[in-house]
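Survey of secondary and tertiary structure
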Amino acid sequence: MSNIVRDSEVVELSAPPYFTFGEKVKAKRTIRNDGTYAGKEIGEILAKKGEIGYVVSIGTFLQQFYIYGVEFLESGNRVGMKRKELESTVPRGEVDDELPLPGAYQS
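Here goes a summary of the coordinates provided. (Residues numbered from 1 in each chain as written. Predicted model: local features only at pLDDT ≥ 70, side-chain atom pairs only at ≥ 80, totals over all residues. Heavy atoms only, no water.)

1. Comments concerning the packing of aromatic side chains
A complete count under the given rule lists three aromatic pairs for this structure. Seen from their ring centres, Phe-19 and Tyr-68 are 5.1 Å apart, and the 85 degrees between their planes marks the pair as edge-to-face. Here Phe-19 is found in the segment before β1 (24–27), whereas its partner Tyr-68 is found in strand β5 (residues 65–72), with 49 residues between them in sequence. Judged by relative accessible area, which is 1%, Phe-19 ranks as buried. The class for Tyr-68 is buried, based on a relative accessible area of 0%. Taken together, the ring pairs connect Tyr-18, Phe-19, Tyr-66 and Tyr-68 into an aromatic cluster. Directly above the aromatic system of Tyr-18 lies the positively charged group of Arg-83, at a separation of 3.6 Å from the ring centroid. (Phe/Tyr/Trp six-rings, centres within 6.5 Å; stacked < 30°, edge-to-face > 60°. Helix = DSSP H or I, 4+ residues; strand = E, 2+ residues; numbered from the N terminus. Buried < 20%, exposed > 50% of the residue type's maximum accessible area, 1.4 Å probe, protein only. Lys NZ or Arg CZ within 6 Å of the ring centre and 35° of its normal.)

So, in structure tokens, the structure goes:
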């Protein structure tokens, strides 16, 4: 059989989203295109480990997980990510008042 690891016991939707709109986050690991990112080759890097981005949307997947749309500053890519793939750059309870203006960080 396969060695696919599934999070079948996890149901995040029973609680509010962990991250909020506009929250500054960073990627915990390098994220590559699995074939679902249009315009990029499979395996191409979408976000590097440690790359900084901002949560620009919050959706759901399989009625089980929150998916955070993150606009990454360095790569310019907007990538859908699970909570376990992200970490906040600001300790909980603090507010980051210096969010970039839309388009201000695009090259």
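Read on for the rest.
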